[in-house]
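Examination of the molecular architecture
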Amino acid sequence: MKSARLRKKRRMKHPPSIMHTKDGTCYLCELMNGDYRKYLYLEKHHVFPGRPGRRISEENGFTVWLCPEHHRLGDEAVHNNHDNMLFIQRNAQALYERTHSRGEWMALMGRNYL
């Protein structure tokens, strides 16, 4: 019996975020509070969760950088607050539709967030 060769998993090259660049600021702190303070630690958030949402988010640049309080801790965290999650999803759709049609959005996501 031949030994199986171990293969390295190929990493996909994803485009940069269409929503927010990693400059040390939290996306929600900026938009909700006008707070542009720089954080030493931020977490990458995929705007559309689950399958295939996470993959679609990566491939189309629907990612933002959030402070831990807005990502997974506290009452305003997108994983704890449906309104804040929907706010980011609406922003993603609005930015996408600046360069694409609503039909293209519906073909991609299958749901209108606006």
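The shown structure was predicted, so the numbers you read here are calculated from the model rather than taken from an experiment. (Residues numbered from 1 in each chain as written. Predicted model: local features only at pLDDT ≥ 70, side-chain atom pairs only at ≥ 80, totals over all residues. Heavy atoms only, no water.)

A few words now on unusual backbone geometry. In this chain, Arg51 is followed by Pro52 through a cis amide linkage whose omega measures -5 degrees. With respect to the helices and strands, Pro52 occurs in helix H2 (residues 50–60). (Helix = DSSP H or I, 4+ residues; strand = E, 2+ residues; numbered from the N terminus.)

Further remarks concern the side chain of Asn81. Secondary-structure assignment places Asn81 in the loop between helix H3 (68–71) and helix H4 (82–96). A polar atom in the side chain of Asn81 sits 3.2 Å from the backbone oxygen of Asp75. A polar contact of 3.1 Å, which involves the side chain of Asn81, links it to the backbone nitrogen of Asn84. Apart from residues lying up to four places away in sequence, Asn81 is in contact with Asp75 and Glu76. (Polar contact = N/O pair within 3.5 Å; in protein donor to acceptor, adjacent residues only side chain to side chain. Contact = heavy atoms within 4.5 Å.)

What follows concerns the packing of aromatic side chains. Overall, the coordinates contain seven aromatic pairs when judged by the stated rule. Following the ring pairs from residue to residue traces out a cluster consisting of Phe48, Phe62, Tyr96, Trp105 and Tyr113. Geometry around Trp65 places Lys22 over its ring, the cationic atom sitting 4.4 Å from the centre. (Phe/Tyr/Trp six-rings, centres within 6.5 Å; stacked < 30°, edge-to-face > 60°. Lys NZ or Arg CZ within 6 Å of the ring centre and 35° of its normal.)

Attention now goes to the packing of H4 against helix H5 (residues 102–109). Interaxial distance between H4 and H5 falls to 10 Å at its minimum, and their mutual angle equals 130 degrees. Considering the angle they form, H4 stands oblique to H5. Together, Ala92, Gln93 and Tyr96 of H4 and Arg102, Glu104, Trp105 and Leu108 of H5 make up the contact between the two elements. Tallied by class, residues from the contact of H4 with H5 come to four nonpolar, one polar and two charged. (Axes fitted to C-alpha atoms, helices over the stretch in contact; angles between N-to-C directions. Parallel < 35°, antiparallel > 145°, perpendicular 65-115°, else oblique. Nonpolar A, V, L, I, M, F, W, Y, C, P; charged D, E, K, R; others polar.)

Attention shifts here to H4. Its 15 residues place the ends of H4 21 Å apart at the C-alpha level, agreeing with the 21 Å of an ideal helix rising 1.5 Å per residue. Those residues of H4 lying buried are Asn84, Met85, Leu86, Ile88, Gln89, Ala92, Gln93 and Tyr96. Those residues of H4 that are buried are in contact with helix H1 (27–33), strand S1 (43–46), H2, strand S2 (63–66) and H5. Near the N-terminus of H4, the side chain that reaches the backbone nitrogen of Asp83, with its oxygen 3.0 Å away, is that of Asn81. (Expected span 1.5 Å × (residues − 1). Buried < 20%, exposed > 50% of the residue type's maximum accessible area, 1.4 Å probe, protein only.)

Further remarks concern the environment of Cys29. By the secondary structure assignment, Cys29 is in helix H1. Residue Cys29 is classed as buried on the basis of its relative accessible area, which comes to 3%. For the pair Cys29 and Glu69, spaced 40 residues apart in the sequence, the C-alpha separation amounts to 9.7 Å. Excluding its chain neighbours within four sequence positions, the residues that come into contact with Cys29 are Gly34, Asp35, Tyr39, Cys67 and His70.

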